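Each chain, letter by letter, is given below.
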Amino acid sequence: MRKADDFILFGNHFEWQHSKARENIKNHKIPFEEATEVFFFGATQYYVDESHSFNERRYYAVGYTIKGKLLVVCYTERTRFHIISAWKANIRERRDYEERHDEFKEYGLENRKRS
């Protein structure tokens, strides 16, 4: 089995493949530790990834980090949340997030610096 890193945030357990975490930083400049923040801060949206859910169900979480970055996080649910990839939302993903989320103004996100 490949080496997995464990991370705990607000009592929730996350894990990821060490090599995938390095690759994600190289490709997307997003550490998985930062990606876990979308599960807890702001108004996160969750989606099933139907196109990649063959052996296990995959999900997307779209939400803000503490620093106001809107991220898309691909993950599975095992005994822990297993992070697969994370990236900064592109223009389409940002528009979809804001259109689908009626409460985003309630959280003050419309005044956040777009990063």
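Here the structure is a predicted model, which means the values were calculated and not measured.

The rules behind these values
- Residues numbered from 1 in each chain as written.
- Predicted model: local features only at pLDDT ≥ 70, side-chain atom pairs only at ≥ 80, totals over all residues.
- Heavy atoms only, no water.
- pLDDT = per-residue confidence, 0-100.
- Contact = heavy atoms within 4.5 Å.
- Core = buried A, V, L, I, M, F, W, Y, C linked by side-chain atoms within 4.5 Å.
- Buried < 20%, exposed > 50% of the residue type's maximum accessible area, 1.4 Å probe, protein only.
- Helix = DSSP H or I, 4+ residues; strand = E, 2+ residues; numbered from the N terminus.
- Phe/Tyr/Trp six-rings, centres within 6.5 Å; stacked < 30°, edge-to-face > 60°.

**Notes on the confidence of the model for the chain**
When pLDDT is averaged across the chain, the result is 83; 77% of the residues are at 70 or more. Predicted confidence for residues 111–115 stays below pLDDT 50, and this span has 14 contacts to residues more than four positions away or in other chains.

**Digging into the nonpolar core**
Of all hydrophobic cores here, the largest spans 15 residues; its most connected members are Phe39, Val73 and Ile83. Breaking this core down by element, the ones donating at least two residues are strand S2 (12–17), helix H2 (32–35), strand S4 (58–64), strand S5 (70–77) and strand S6 (81–88). With 3 residues, S5 is the largest single contributor of residues to this core. Beyond its immediate stretch of four places on either side in the chain, Val73 contacts Ala35, Val38, Phe39, Tyr59, Tyr60, Ala61, Ile83, Ser85 and Ala86.

**Let's talk about the packing of aromatic side chains**
Taken as a whole and judged by the stated rule, the model has 11 aromatic pairs. Seen from their ring centres, Phe14 and Phe40 are 6.1 Å apart, and the 80° between their planes marks the pair as edge-to-face. One end of the pair, Phe14, is in strand S2; the other, Phe40, is in the loop between H2 and strand S3 (45–48), and 26 residues separate them in sequence. A residue is classified by how much of its surface remains accessible, and Phe40, at 27% relative accessible area, is partly exposed. Between the aromatic rings of Tyr59 and Tyr75, the centroid separation amounts to 5.5 Å while the plane-to-plane angle is 25°, which identifies the pairing as stacked. With Tyr59 in strand S4 and Tyr75 in strand S5, this pair connects stretches of sequence that are 16 residues apart.

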